[in-house]
Structure formats: structure tokens, C-alpha cells
Amino acid sequence: MTEHWLFGSRKNLLFCLVLAFILALGIRLYDLDDLPLDFNPARQLFSMLKARGMYYAMTPGLPEWQREIAIYQWKSSPVIEPPVLEALVAVSYRAFGENLAIPRIYSILFWLTGGIFLFLLAQKLTDSNGAFFSLLFYLFLPFGAYASRSFQPDPLMVALIIAAVWASWNWRETGQWRWAISAGLLNGMAIFIKNVAVFPLAFAALALVFERGFLASLKDRQTWFVAVLSILPVGLYTFYGVVIAGYLGGQFDFRFFPQLWSDPAFYLRWKGQLEGVFGFSVVLLALAGVFLSRRRVFVFLTGLWSGYFIYSMTFAYHTSTHDYYQLPFIPIIALSLAPIAQTLAERAASLRNIHLLRIAAGLGLVLMVAVEIWIVRVELARNNYRPDAEYFAMIGSLTGHSLEPVASVSQDYGGRLEYWGWQPNVAWYDESQLALRQAAGRDIQLSERFGEFIQGKRFFVVTRLAELEGNTALRETLYNNYPIYAEGRGFVIFDLANPYP
């Protein structure tokens, strides 16, 4: 009996699970009061500005000038996915005050909740030994630890994906209506929060359908019921946003780049992303775990991997350039490692000196977790972003917190200047924006676009001096044609309203 080989008993297993979650929570709470700029700051600032705008819109007694700017920043931001998390944070701000630790705590709790469902699912796919190793990978992967503290919908989406595939597995195992309803609702919630969740969920569902029998599944009312519940929320939202209200019209711009499929550089960049997030050897090991699993589990895991592959090819540019696009792959890798741990436990149980092997395995896991925690702790302690709040507040006071946007070459597309400087701004094209448009075949003549870009703007704020120095045309245009309004450590502000004769 190898079900509890590593633990010896269910009581020991429960103790280890509780300890793992406590440690995972503890490392994520470390340095919680630092500014949320340690992981994809531009994406986090996007949600921070929306949440603050909602909060100021619903809260009386706040300074009127701040209310106007906050609401303007919220309303002028593009709509990507439903702002569910931002609304939740805004309501929480009303109860506890505007504190950026609040969205971090929500994301942490979502991620840890996903860990519960991951363990339950992995236990069904393998056994307690495989499930526990899968959980440790999910909880203590350094990239996952950083991501699960970020203010963006992805931690909630990942947790819902895991819960949905867990419910789908139970539905196909039991055929009960309660599990069909659960699977449909959780699928629908995950896809509604962020529609890219449809890829792993759809292909996992297809794998279960084909494993059962395609014709039998088509004749099953539960199959159609799950499908409708899965697509109904996002379908209604997308129809309203695109056809009726129109605010989702630009959502699909710069999203699909099929021309990259024939570019070898795309696959090298994609591999680089996997290497940075997981280590490519871990990905290959997880892939081997798929082939070690029993038939139904193999089909199920193959569906999840296929969903990730199609997702990555659909969003080829972003998958190869944005590391957080690998977040849905974390639970897939974790589940795929479970069969390997199960196989090793089964082999170990048949050997002599089982107690010595159990101690060695336990010490190995403790060492692995300790190393991962230390890596995360060192990375979080290495950077202190707190001075940025005062710095950008000072720059915002120089520009007068005008409701009219200024032009900028600033960190995170001007997001820090927007949030802590209370200064709406429009960012000049940086290298990443130009590369995105070039990949889409939309080259921009910057010299011709500059006059249109600064039209009606009072100032051009630069807080990324190195980028300005590297852009000869922009630097000469600004210094030769516009006086300096203010400058200081790390910034210069040009007066666009009073150009040189």
C-alpha cells in the first residue's frame, strides 16, 4: 500500500499539508507593504488605477480634484476583461481605506485556494504522494510566488481553472448532475474573469468527452448543459461590450500574430520564457510524467497540454514576450509532475530500508522548499520601491495635477506618474510598443506622428533619461525646440506650450 508511503498516516499527511500552506502564506506576506512594482508593474498599475477610480466614485468626502482625476483615469483606461477584481478591491477600500496590500492579499488567497483544489485533483489522478509533490511545486515555484502577490486577474483565473478541471474530472467520474452544474459554473466563472482560460478548460473537457466516447457525450444532456454554462457569461459580456456598448471593439487589436508561427525566433523566445519561469528541464520532466500516467489521466493531461499549446500559438507574440502569459501552465506542469512522484513512491515502497528512504525523501522535500523560500525572500528584499511614491508625487506637483494629459517617456507607460503623481499622461512609443506594431505590420513614422502626439499637451515629462538618450531623434527634437520647464534627479520636463521661435 503506497497511498501514504511518504507520510505513514493520514494524520501526518494533514499536518504536512497545513504546514505547506502556512509556509506558502508566510513567504507571500513578506514585504507586503512595499509598492506592487515587483512583478509586471505596468499590468498592476492598470488595475490599481481602475480600482482607485471606482473607489473615489463611490466614496464621499474625498478631495474633489483627486476625485476628478481618479475617475478620469478609470474611465479613460481601455477595457480588457471584466473588472471584477478591481470592483472587489474598490469596495474593500471603502471598508478599510486605500491600502495596496489589500489586492495583494486577495491574490494570495486566490492562489492558495487554487492549491487546495490542485491537491484534491492530483490525488484523484495519482495518489497522496504525487499530489503532495504537485502541491509543493505549485506553492513554492518562485515565479508563482511573485505572480500570486500581483494585482491582476490572473491569480483568480488560475485558481478557477484548477477548481473547474477538478469539478470536470469529478463529473466524468460520477456522471452526477451536481458535478455537471459545478463544472459548468466554474468553467463559466474562469472564462468570464479572463477569456484565455477557455483554452485549457475547453481542451480538458474535449479530452474527457473523447475518452468517454464522442457520440455518447453528444447524446448526454449534461454535456450540453456544461457547455452552455461555460460560455454563457463571457458570451453575454462580449456581445454587450462589442455589439451594444462598443467598449470592447479594440480588445482584439495586436493580439493575433500567425505570421510568427514560421519564424524560428518565436520558438526560441518561447523556450526562453519557459526557461525563465520553470527551467526547461522541468518542462521536459513534466512532459515525461504525462506518459507515465494511466490511460484516462494521460488523455486528460494531454488535453490540458494541448490547450496550453493552442493558447500559446494563438497569442504567439505575448506568449514569447510576456512571462505572466505562462501562469495557466503552472498548474498543468504541477499536475504532470504528480505521476513521477507516484512512480518513485511505488518503487521505493518495494525496496528495503523503507523507513530510511522515507526520511531521505522527507529531508529532500524540506530542503527543496527551504531553497525556494529563500530565493523568493532574497528577491523580495532586494528591491525597495517605496521611494517611488514620493518621487512621482513630486513630479506630479510640478505639472500641476492637470486633468489634461501630458506627454511622457516614463516608467510603465506612465503608470507610476498616473498613480502617485495624479497626472494623466500619454506615453510616447517605446521599444516594446514599436516592436508590437512592427510585428503587426503597422510601422509608425515617428517624425510625422510627433506633432499630432503633442497636440494640446502642456508638458513633455521624461523620467527615463536613458531611453531619451538612446532616442536621438526625440532627444534633439525636444532639446532644440522646447525650453526646459523643470529638471532634477532623474527627470526633465519640457514646456511644449512655449516653443523656441
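Let me begin by describing the structure that accompanies this report. (Residues numbered from 1 in each chain as written. Predicted model: local features only at pLDDT ≥ 70, side-chain atom pairs only at ≥ 80, totals over all residues. Heavy atoms only, no water.)

Some points on the overall build of the protein
For the record, the criterion: For helices the rule is a DSSP run of H or I covering at least 4 residues; for strands it is a run of E covering at least 2, with both sets numbered from the N terminus onward. Each radius of gyration is computed over the set of C-alpha atoms, and the globule rule expresses the reference value as 2.2 Å times the number of residues to the power 0.38. Only protein chains enter the accessibility calculation, which uses a 1.4 Å probe; a residue whose area is less than 20% of its type maximum is buried, one above 50% is exposed, and one in between is partly exposed. Any pair of residues with heavy atoms lying within 4.5 Å of one another is described as a contacting pair. Every accessible area reported is derived by Shrake-Rupley at a probe size of 1.4 Å, with residue values counting cover from the shown protein chains alone.
A tally of regular secondary structure across the protein gives 24 helices and five strands. For the protein, whose C-alpha radius of gyration is 25 Å, the value lies close to the compact-globule estimate of 23 Å for 501 residues. Dimensions of the protein, computed from the C-alpha atoms along their principal axes, are close to 90 × 50 × 50 Å. The 501 residues of the protein split such that 52% are buried. In the protein, the proportion of contacts linking residues at least 24 apart, taken out of those at least 6 apart, comes to 75%. As displayed, the protein offers around 22,800 Å² of accessible surface, 63% of which is attributable to carbon and sulfur atoms.

Some details on the packing of aromatic side chains
Note the following rule: Ring geometry is summarised as follows: Phe, Tyr and Trp rings, the Trp one being its six-membered ring, pair when their centres sit within 6.5 Å, and such pairs are stacked at plane angles under 30 degrees, edge-to-face over 60 and tilted between the two.
Scanning the entire structure with this criterion turns up 41 aromatic pairs. When the centroid spacing of 5.9 Å and the interplanar angle of 50° are considered together, the rings of Phe199 and Tyr311 count as tilted. Of the two residues, Phe199 sits in helix H10 (residues 198-212) while Tyr311 sits in helix H15 (residues 295-314), which places them 112 residues apart along the sequence. For the ring pair Trp305 and Phe329, a centre distance of 5.1 Å and an interplane angle of 85° mean the geometry is edge-to-face.

Some words on the packing of helix H2 (residues 41-58) against helix H4 (residues 84-96)
Note the following rule: The axes used here are C-alpha line fits, helices contributing only the stretch in contact, and every angle between their N-to-C directions lies in the interval 0 to 180 degrees. Roughly parallel refers to an angle under 35 degrees, roughly antiparallel to one over 145, roughly perpendicular to one between 65 and 115, and oblique to any angle outside these ranges. Helix crossings fall into two classes, left-handed where the near helix is turned counterclockwise from the far one by less than a right angle and right-handed where it is turned clockwise.
Running from N to C, H2 and H4 point in directions that differ by 50°, and their axes come no closer than 8 Å. Taken together, the axes of H2 and H4 are oblique relative to one another. The element H2 and its partner H4 pack so that their crossing is right-handed. Residues Ser47, Lys50, Ala51, Met54, Tyr55 and Met58 of H2 touch H4, and the partners they reach there are Glu86, Ala87, Val89, Ala90, Val91, Tyr93 and Arg94.

Overview of the sheet that holds strand S4 (residues 484-488)
This is how the line gets drawn: When DSSP locates at least two bridges between a pair of strands, those strands are taken to pair.
With mixed pairing, five strands are arranged side by side in an open sheet as S2-S1-S3-S5-S4. The open sheet has two free edges, formed respectively by strand S2 (425-427) and S4, since each of these has just one partner strand. Mean inter-strand twist for the sheet, computed between neighbouring axes without regard to direction, equals 20°. Note that strand S1 (residues 406-409) and S2 share three bridges and pair parallel. Residue Ala407 lies in a different strand from S2, and its bridge partner there is Val426. Here helix H20 (residues 411-419) sits on the sheet and contacts S1, S2 and strand S3 (459-462); the angle it forms with S2, its principal contact strand, is near 160°.

Digging into a nonpolar patch on the surface
Note the threshold: Patches in this entry comprise residues that are over 30% relatively accessible and not in a salt bridge; like charges within 9 Å are linked, as are nonpolar side chains (Val, Leu, Ile, Met, Phe, Trp, Tyr) within 5 Å. Any carboxyl oxygen of Asp or Glu that lies within 4 Å of a side-chain nitrogen of Lys or Arg is treated as forming a salt bridge with it.
Taken together, Leu206, Phe210, Phe214, Leu215, Leu218 and Trp224 make up a surface patch of nonpolar side chains, about 630 Å² in accessible area. Broken down by secondary-structure element, the contributors of at least two residues to the nonpolar patch are H10 and helix H11 (214-218). At three residues, the largest contribution of residues to the nonpolar patch is made by H11. Tracing the sequence through the fold places Leu218 in helix H11. A residue is classified by how much of its surface remains accessible, and Leu218, at 35% relative accessible area, is partly exposed.

Quick notes on the side chain of Gln423
Basically, it comes down to this: Distance and chemistry together define a polar contact, namely a pair of N or O atoms within 3.5 Å, with one atom able to donate a hydrogen and the other to accept it when in protein, and with adjacent residues in sequence counting only for side-chain atoms on both sides.
Checked against the element boundaries, Gln423 lands in the loop between H20 and S2. Overall, Gln423 belongs to the buried group, its relative accessible area being 0%. A polar contact is formed between the side chain of Gln423 and the backbone nitrogen of His401, at a distance of 3.4 Å. Here the side chain of Gln423 touches Ser402 through a polar contact of 2.9 Å, landing on its backbone nitrogen.

A closer look at the nonpolar core
One broad rule of soluble globular proteins: the nonpolar side chains tend to lie buried together. Note the following rule: By nonpolar core we mean a set of buried residues, namely Ala, Val, Leu, Ile, Met, Phe, Trp, Tyr and Cys, connected to one another through side-chain atoms within 4.5 Å.
Core analysis: the biggest nonpolar cluster contains 132 residues, and Tyr138, Leu139, Phe278, Phe300, Phe329, Ile333 and Trp420 have the highest contact counts within it. Examining the composition of this core, we find that 13 residues originate from one element, helix H8 (residues 154-174), more than from any other. Beyond its immediate chain neighbours, meaning those up to four positions away, Phe329 contacts Leu274, Phe278, Val283, Trp305 and Tyr308. Core analysis: the next-biggest nonpolar cluster, separate from the first, contains 16 residues, Ala407, Val409, Tyr429 and Phe460 among them.

A look at the pairing of strand S5 (residues 491-495)
Consecutive residues of a regular strand have side chains that alternate between opposite faces of the sheet. Of all the five residues making up S5, five are buried; the element is thus mostly covered by neighbouring parts of the structure. Neither face of S5 is left uncovered, since the one carrying Phe491, Ile493 and Asp495 and the one carrying Val492 and Phe494 both have all their residues buried. Pairing between S3 and S5: four bridges, direction antiparallel. Within the sheet, the bridge partner assigned to Phe460 lies in S5 and is Phe494. The pairing of S4 with S5 spans four bridges and is classified as antiparallel. Each bridged residue has a counterpart across the sheet, and for Ala486 the counterpart in S5 is Ile493. Once S4 ends, the chain turns through two residues before running back antiparallel as S5, passing Gly490 with a positive phi of about 80°.

Considering unusual backbone geometry
Here Asn40, not a glycine, exhibits a phi torsion of approximately 40°, which is positive. Topologically, Asn40 is positioned in the loop between helix H1 (10-29) and H2.

Section: the pairing of S3
Of the two faces of S3, both are covered, the one formed by Phe459 and Val461 as well as the one formed by Phe460 and Val462. Bridging between S1 and S3 involves three bridges; their strand directions are parallel. Note on S3: the bridge partner recorded for Ala407 is Phe460.

With respect to the packing of helix H5 (residues 101-125) against helix H17 (residues 329-349)
The line we're drawing: Residues are grouped as follows: nonpolar covers Ala, Val, Leu, Ile, Met, Phe, Trp, Tyr, Cys and Pro; charged covers Asp, Glu, Lys and Arg; every other residue, Gly included, is treated as polar.
Relative to each other, H5 and H17 sit at 30°, their axes nearing to 10 Å. In this structure, H5 crosses over H17, and the sense of that crossing is right-handed. Contact with H5, carried on its side by Trp111, Leu118, Leu121, Ala122 and Leu125, involves Ile330, Pro331, Ala334, Leu335 and Ala338 of H17 and no other residues of that element. Taken together, the residues that form the contact of H5 with H17 break down as 10 nonpolar, no polar and no charged.

Structural notes on the side chain of Thr126
Relative to the helices and strands, Thr126 is located in the loop between H5 and helix H6 (128-140). Judged by its relative accessible area of 12%, Thr126 is buried. At 2.7 Å, the side chain of Thr126 forms a polar contact with the backbone oxygen of Ala122. Ignoring any residue separated from it by four or fewer positions in sequence, one finds Thr126 in contact with Ala131, Ala338, Pro339 and Gln342.

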